[in-house]
Every structure is written in C-alpha cells, then in structure tokens.
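# Summary of the model geometry
The residues making up each chain are set out below.
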Amino acid sequence: MPELTGPTLPTPPRRTRTAATWLATGAAVTAALFGAASVPATAAPTAATAGPAAARSAAAPDISVADVKAHLNQLQSIATANGGNRAHGRSGYKASIDYVKGKLDAAGFTTTVQQFTTGGQTGYNLIADWPGGDANHVVFAGSHLDSVTRGPGINDNGSGSAGILEVALTVAKQGYKPDKHLRFGWWGAEELGMIGSQNYVRQLPAAERAKIDAYLNFDMIGSPNPGYFVYDDDARLEGVFKDFFAARKIATEIETEGDGRSDHAPFKDAGVAVGGLFSGADYTKTAAQAQKWGGTAGQPFDRCYHSSCDTSANIDDTALDNNSDAIAHAIWTLSGGGGTTPPSGTSFESKSQVAIPDAGAAVESPITVTGVSGNAPSALKVAVDIRHSYRGDLVVDLVGPSGKTYRLKDSSANDSAADVKTTFTVDASGEVANGTWKLRVQDVAAQDSGALNSWKLTF
C-alpha cells in the first residue's frame, strides 16, 4: 500500500446505522411483508435427502497456511537474490511475476501478462483466469505484487499475493466448478500509486467492466501486530467477510487506514463493487483493539511497514491463516458453485417465514429430525437465511433436542450490514440427532425490521 503524501485528507464519512438501514431497504420491505403474512412459527418443516443441489452451496476448503508461507519464503528468496527488494522496474519484481505465473500455468489457469510503462520502467500485471463459469459474471480477486525499494515487502504485499495464489491453486486442486467465472490478478507499481491496476481498468472495455460482479482486494493480511479490518465499500461484500469472521468469533472493524490507497480504488471509481481485507499498516493499535485481538497496544500494526525489516519474519501466522481462509470463503460464496464432492448425509429444512419483532422477544423456528441414527456430527451444518435491515442487532442460537443452546451469532455494534445468509458449523456431537431442533433469533435493539426466511440442518 502506498504511503500518504501531501496534506492529510479528511476521512470520508463512514456508513452509519441509518444509512445501513437504507442500504437494506429491499430486505426490510420483504421482511415487513413476511410479518404481515402472519405465518406461524411452528409451521411444519420439510425434509429431503441431500442430492446434487446441495453441491451448489459447498463450503470453501481450508487453506494451508504452511503453503501460503512457502510462497512467502520464495518471495523472500527472490528479494534476497535481487538487491533486497521486489520493486517496480527491478529484477526482483519480474522474478516474482515469473514465480507466480509458473505456479498458475502448471495448475491449468490461463495467464496473461500485461505490460505498462511508468517512471521510465516497464511494469507488469499478471491476470489468471480459471476456465469455465459464466463469463458474463466474474468474481475477481487481486493484490499488488511489488514492494517498495527499501525492503522485500513480505507483508506489504507478499502476504496478499501469496494468499490469493494459494486460494487459486486450491481452486485447481479441488477441481472447483463455479457458476461464475473466476479471475485473479497481481498488480505492478501499486507502491507508486496503483499504476498497474489503473492501467488494467483503463484498458478494459466498458462492457467487460460491467461483467465484474465483485473485485476483492487483499493488501497486507499478515501484519505482525494484526487487526481484522473489512472494507465497507459494498454492503453485500462486506457482509460475506463479516459472516466468516463472526462464525469464528473474531471481531472485525471497518477498514479506514487504506481508503483509496490500494488497488480496489480504480475498480470502485469505474463502478465495480469492491471489498477486501486488511490487517493494518503504520497506524497504532489502541488498547481497545489489543483487548479485542491481542497484540501490543501503543505499537503499529506493522512496525516494519515500508522498511527493510519487512521480511518473512514480519508475519503473524494466525492472521495470515484466518485471512487466507476468509479469501477462500468469499471466492466460494460469491462464485455460487459446487465442489467436486457434494456434502453427504441428510438435510432437513424449514421454509416457514417467521417475522422477527423489532427489539422484541426471541422467536423460534423448529425442525423435527427423524431417521438419523446416533448422535449429531461434530460438524453439523446450519444454513441460515435471515433478511434484516441491521443484522448487528441480531442474536442467533441453535437449540438442540436436549435444550442445550449453541450460539451462532452475537449482536455487534460494529456489524452494520444487512441480512444473515450463511452456513455455520456446530459441534453438536453431544446431541442425539433425532428430535426437535430450533433456530432462535432475537432482535435486541430498535429501529429495524426483519424475518427468518428459511434454515436447514445437514447431518
């Protein structure tokens, strides 16, 4: 991410609770209609054996942090062998492009190297397309591959580059067949002002830009004193990442340090929906953030930002792991496809719509499970579709046949997006599978509306 130069610009206004409500107007109207229908909360569920359709919501695979770090070690070796950096116009950057391209070519991607000139030097973007998927609907993940001249740039931004590389290679390993077309990009000369990504967007015909449903940017995802920051440029994309971290009980904050300072900016300016993740640069971690995430208060998120010490030792493995998994979650979720192996077992679903009272009592929707032997699995899948204008007010629990409660989602003042549409994984192995399970939802604060649209258990 490039440093700020010149006068400090005022921080743009962040989306407020009221604005989030307007962003979710469609969901609110739908929920209000559901409430007017007065559907009983005890309406009978439907049951069906999981079949090919279940593959459409296949969960993303776990991304090996060891494999991500192996890419970082290669980028470190490249920098060491090329004057200590991987900057635009330097041999280390071209060697980095060659390394990533070689991996993708071997995995079956169609790769294109785009050249541009800035500062009297030739720069390169690398674009990789996964064959298949609807070419009129593209999910695009990108990161910048260049470093500053002062160091090897392993966190900034080897981390994002290695993360999306391993996710792309996992797409190939899994033989993933997405509904939408997948594209990955590694940008040059970002440190000089997003030159590579600007060049790409400018050269892309308007009709091709319109085919990009989402551009996801990953610039610094392994900071050594990390935070978990989510871009809020698009409510839907923001929600995909927040859902992932909420399921892992990891608090997030809205990303403000890098606003307009990374490769999502040219896409956003061209009208493309953008999202992404960030683990922090030279801003100082507060005491409240340290309490939330660990690490050291009063110190930068990355004390080696744009310095020679941004080496392979300048990485927090946990942040790198969580963020790499979040990238995969977003790719699998947004591309709408299925894995090669449909989930096994039996699914039971309730499609009864239940209105959620504003700042009211909890409502419950039951599902009766029969014909499943033994106990529930340790990875019980709970798919939830809740339409709500401000999901930060929602508390969601699964209640087992024994009456034991499993918290799926807490309320959060930092979660200003709309709707909860995700799949949670619950260790319910202490529960007998057969019996009545309930999804319990409560809106704990005023000024919004919503409804439980449907939910499903897969054993």
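Structure shown above.
It should be emphasised that the depicted structure is a prediction, and the values quoted were computed from it without experimental measurement.

## Here we look at the packing of aromatic side chains
This model, assessed by the stated rule, comprises 21 aromatic pairs. Considering the side-chain rings of Tyr200 and Phe267, the 6.2 Å spacing of their centres and the 35° angle between planes classify their relative orientation as tilted. Of this pair, Tyr200 sits in helix α6 (residues 195-203) while Phe267 sits in helix α9 (residues 264-269), placing them 67 residues apart in sequence. The interplanar angle of 80° and the centroid separation of 6.0 Å between the aromatic rings of Phe218 and Phe241 together place this pair among those described as edge-to-face. Of this pair, Phe218 sits in strand β6 (residues 212-218) while Phe241 sits in helix α8 (residues 235-247), and the two are 23 residues apart along the sequence. Across this residue pair, the class does not change: Phe218 and Phe241 are buried. Pairwise contacts between aromatic rings join Tyr228, Phe229, Phe244, Phe245, Phe278, Trp293 and Phe301 into one cluster. Directly above the ring of Trp293 sits Lys292, whose terminal nitrogen or CZ lies 5.0 Å from the centroid.

## Let's talk about the environment of His264
As for its position among the elements, His264 is in helix α9. For the pair His264 and Tyr231, spaced 33 residues apart in sequence, the C-alpha separation works out to 9.8 Å. Excluding anything up to four places from it in sequence, His264 contacts Tyr215, Asn217, Tyr231, Asp233, Gly258 and Val274.

## Things to note about the pairing of strand β18 (residues 450-458)
Among the nine residues in β18, eight count as buried, and that is most of the element. With four bridges joining them, strand β10 (residues 346-350) and β18 adopt antiparallel strand pairing. What sits directly across from Ser350, in β18, is Trp455. Strand direction decides the pairing type here: strand β11 (residues 354-356) and β18, joined by three bridges, are antiparallel. Bridge pairing in β18 places Val354 opposite Leu452. As judged from the eight bridges shared by strand β13 (residues 380-388) and β18, these two strands associate in the antiparallel manner. Paired with Ala383 across the bridge in β18 is Lys456.

Here is what the cut-offs are and how they apply
Residues numbered from 1 in each chain as written. Predicted model: local features only at pLDDT ≥ 70, side-chain atom pairs only at ≥ 80, totals over all residues. Heavy atoms only, no water. Phe/Tyr/Trp six-rings, centres within 6.5 Å; stacked < 30°, edge-to-face > 60°. Helix = DSSP H or I, 4+ residues; strand = E, 2+ residues; numbered from the N terminus. Buried < 20%, exposed > 50% of the residue type's maximum accessible area, 1.4 Å probe, protein only. Lys NZ or Arg CZ within 6 Å of the ring centre and 35° of its normal. Contact = heavy atoms within 4.5 Å. Pairing = 2+ DSSP bridges.

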